[in-house]
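Descriptive structure summary
So you can see what is in the structure, the chains are spelled out below.
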Amino acid sequence: MAETGNPPNPPRRRPVRRALAIISGALAVILVLLILLWNWDWFVPLVNRRASAALHRPVTIAHLHVRLGLTTAVAVDDLQIHQPEGFESEKELFASAKKATVAVNVWHYITHKGLEVPLIALDTPKGDIVALANGRNNYTFTDPNAKPEPASPQQSTPLPKIGTVTITDGDIRVAMAKLKTDMHVLLHTTPAKGDQDGTIVVDLKGRYAQAPISGHIVGGSLLTLTNSTRPYPIDARLENGPTYVTLRGSVDDPLHFKGTKLVLHFAGPDMSLLYALTGIPIPQTPSYSISGNLDYTAAHIRFTNFAGKMGSSDIGGTIAVDPQTKPITVDANLHSHNVDLKDLGGFIGAKPGNEESKKATTSDRILPSTPINVPKLNSVNAHLVYKGDHIENKDMPLDDILADIVVQDGAITINKLNFAVGNGTLGLSGALDPAPNGQFKTHFKVDVSRLSIQRLMKATETFKGEGTLGGHITLAATGNSIASLLGHGDGGVTLVVDHGGDVSALLPDLMGLKVGSAILSALGIPQRSDLKCFIADMPLRQGILSTNSLLLMTNNTRTLGGGTVNLRNETLDYHVTTRSTSFNILSFPGRVNISGPLKSPTIMPGAEIIGRAAATAGLAIAFPPAALLPTIQFGVGKGSACEDALGQANANPAAGIKPGSTTGAGAATVQPNAPASQPQGKKLSRKQIHSVWKERLKQN
């Protein structure tokens, strides 16, 4: 039986519960204090170390701000990225910004929905991008002391989805020694207003390729740039020295090269200046202004349906560029309705347009000496097709032009360079292959087929009659300009005229000498003499043009030429002798010496002409009727001089190609290599030679 009167024992408190309560309270207090006192700047040293190690250059930030959430924003103040090793002498930091903010959608990233960056904001970003002449640069983020790792197949990383990008007062300096460029790129963004999207505005100032550069570019927002469903607008104006370029339109998905709707206009004093902007070598041209459509894909850049002016010529067509090849590949199909050949002078090393250099105006030289630029030719492989419908040049008897030219690995192949002259053709083909010391090993062939003498002499407005010129010109040489190629070349000239008209208008121009009517009067050729035949067969050996045969026959005179033309120093030492082919009175025929520079040769009558003139003057004083005696010629007879010269030229032509059927009636031809009907070296009679030549004239 329990005892009564004693109270029960009190319950004992559990020490574990008390400890947990104390700890929980302490943690709550600590958490509140941590929230109240937390400072992200505690991580600044860690961020500086990690960033410096990743970029291989010192990186510092003054403050770090983080706003946590499903979309987390990170901001840094006074960001400074210093220059890498070897660029410590640069005055500016590699990059800096007063403040940089990046927001990342963390939830999308951890749920494997891709990287989304809703905001990038840069306040006063600055940069200093430098590349030295030795190839070193400060924008390669690799460890200079690290050993190269074996190459591994690269995997494409999807681009992040970028939202709003704001840039305030950006200034990036770009200095490229090899490009001879030092310029500033100033950029800022504008916010969207109503239905209008925001934009990014870029201004350029400084020097590019040694020439002053300025530009103003307005593009769509960077959000639009990454939006593959919306065209990206662009409006750009650029001035590089005297070259002016505008580009307006839109780009479809520019990050993936899906296509464009752009209109490109460029103008300037010389297309060769475009090399700095395009990397495509173009010869010197006169002033130009051209507009067309610009389109590009991942593999090609196309400038289509362009049209404009180049000098006094119109120009249009299509140019396609493949930038993925090394060197780049260019395919140009060009067309002109009206072309002045002076505008194309730069393509053969001459001064384009009507301008002449000081050297050209003061020198006795007439052959273009502008070197072919080998390094620029090596920078591109190109195929050019050009057609000019009508040549406008009163000094040139050419009607149209057709060119097909290929540049491959520094070598130039002229598949075709044809000019129409009336019903005839002047065609050139050949090649220039690179040789040591910036030289070219060349071989050329010019086919002269059924060129109308009347059409050739149209510029004189005095020539009358018909007749055709045919034959060939060949050249093989090594040099780097037209002057050096001709001055060291081997080959020859074989030209034939079967008949003609007014020789007084023909001879000065056909001989290529600026001697006018002086040579005619010195030769004693009567005015309005009918040309029966003309044959020039002249071999070229190491720049010296000598004479196998030079014959000009009219209805009553026969003129023979001899001597040499030195194309090395552009001088000549030549003589021509005229004899009457029948009885003639009042004539002072004989030898005329022509010497001196090609540009302005000296014409001196020979001793026979001087003696006859002196005798005539003396007899006129002593006995006036006797003055006619020295002027009387009894003639040498027409003989077979023309037929013999034709036979010799056809049997052993100096040009190495028989004249064949390149003259006479019929259609023009540039396939003159018909086999001779008689073995070379066999003596033919006058009748046989005439028969063979007559048959050849009937060919084609």
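Residues numbered from 1 in each chain as written. Predicted model: local features only at pLDDT ≥ 70, side-chain atom pairs only at ≥ 80, totals over all residues. Heavy atoms only, no water.

Remarks on the overall build of the protein chain
For clarity, the threshold we go by: In this text, helices come from DSSP runs of H or I with a minimum length of four residues, and strands from runs of E with a minimum of two, each type numbered from the N-terminal end. Exposure classes here rest on a 1.4 Å probe applied to the protein chains alone. A residue is buried below 20% of its type maximum, exposed above 50%, and partly exposed in between. The method behind every accessible area is Shrake-Rupley, applied with a 1.4 Å probe, and residues are considered shielded solely by the protein chains displayed.
Check the secondary structure of the protein chain and you find 14 helices and 32 strands. Residues classed as buried in the protein chain amount to 39% of the 700 residues present. A total of about 38,700 Å² of accessible surface is found on the protein chain, and carbon and sulfur atoms cover 59% of it.

Let's talk about the pattern of salt bridges
Pairing is possible between side chains that carry opposite charge, provided their charged atoms lie close to one another. Keep this limit in mind: What makes a salt bridge here is a side-chain nitrogen of Lys or Arg within 4 Å of a carboxyl oxygen of Asp or Glu, nothing more.
According to the stated counting rule, one finds nine salt bridges in the structure shown. Measuring nitrogen to oxygen at the nearest pair gives 3.2 Å for the salt bridge that ties Arg 248 to Asp 235. With Arg 248 in strand E13 (residues 243-252) and Asp 235 in strand E12 (residues 232-240), this residue pair connects regions lying 13 residues apart in the sequence. Given a relative accessible area of 45%, Arg 248 falls into the partly exposed group. Between Lys 445 and Asp 447 there is a salt bridge, and its shortest N-O distance comes to 2.8 Å. A single salt-bridge network, built from bridges that share partners, covers Glu 90, Asp 128, Arg 173 and Asp 182.

Remarks on the nonpolar core
For clarity, the cut-off: We define the nonpolar core as a collection of buried residues of types Ala, Val, Leu, Ile, Met, Phe, Trp, Tyr and Cys that are connected through side-chain atoms lying within 4.5 Å of one another. In what follows, a contact means two residues having at least one pair of non-hydrogen atoms within 4.5 Å.
With 63 residues, the main nonpolar core has Phe 266, Tyr 386 and Ile 401 as its most contacted residues. With near-sequence residues (within four places) excluded, Ile 401 lies in contact with Val 339, Leu 344, Tyr 386, Lys 387, Gly 388, Ile 391, Leu 417, Asn 418 and Phe 419. Grouped together as the second largest cluster of nonpolar side chains are 15 residues, Ile 167, Val 185, Leu 187 and Leu 204 included.

Quick notes on the pairing of E13
A regular strand places its side chains on the two faces of the sheet in alternate fashion. In plain terms, the rule: A pair of strands is treated as paired once DSSP finds two or more bridges between them.
As paired strands, E12 and E13 are joined by nine bridges and run antiparallel to one another. Each bridged residue has a counterpart across the sheet, and for Ile 234 the counterpart in E13 is Gly 249. Strand direction decides the pairing type here: E13 and strand E14 (residues 259-268), joined by nine bridges, are antiparallel. When the sheet's bridge partners are listed, Leu 247 is paired in E14 with Leu 264.

Digging into the environment of Leu 341
Assignment of secondary structure puts Leu 341 in the loop between strand E18 (328-339) and helix H6 (358-362). Through-space distance from the C-alpha of Leu 341 to that of Ile 391 is 7.0 Å; in sequence the pair is 50 residues apart.

Describing the packing of aromatic side chains
Two measures describe an aromatic ring pair: the distance that separates the ring centres and the angle between the ring planes. What counts here: Only Phe, Tyr and Trp rings take part, Trp by its six-membered ring, and two of them pair if their centres are within 6.5 Å. Stacked means planes under 30 degrees apart, edge-to-face means over 60, and tilted covers everything else.
Taken as a whole, this structure holds five aromatic pairs when the rule is applied. Centroid distance Phe 303 to Phe 306: 4.8 Å. Interplanar angle 5 degrees. Geometry classified as stacked. The class for Phe 306 is buried, based on a relative accessible area of 6%. Of the aromatic side chains, those joined through ring pairs into one cluster are Phe 266, Tyr 288, Phe 303 and Phe 306.

Focus on the confidence of the model for the protein chain
Which entries qualify depends on this criterion: Note: pLDDT gives the predictor's confidence per residue, expressed from 0 to 100.
On average, residues of the protein chain score 76 in pLDDT, and 70% of them are at 70 or above. Contacts for the low-pLDDT stretch residues 503-518, under 50 throughout, to residues beyond four places or in other chains number 37 contacts. For residues 669-690, every residue scores under 50 in pLDDT, and the model assigns this stretch 31 contacts once sequence neighbours within four places are set aside.

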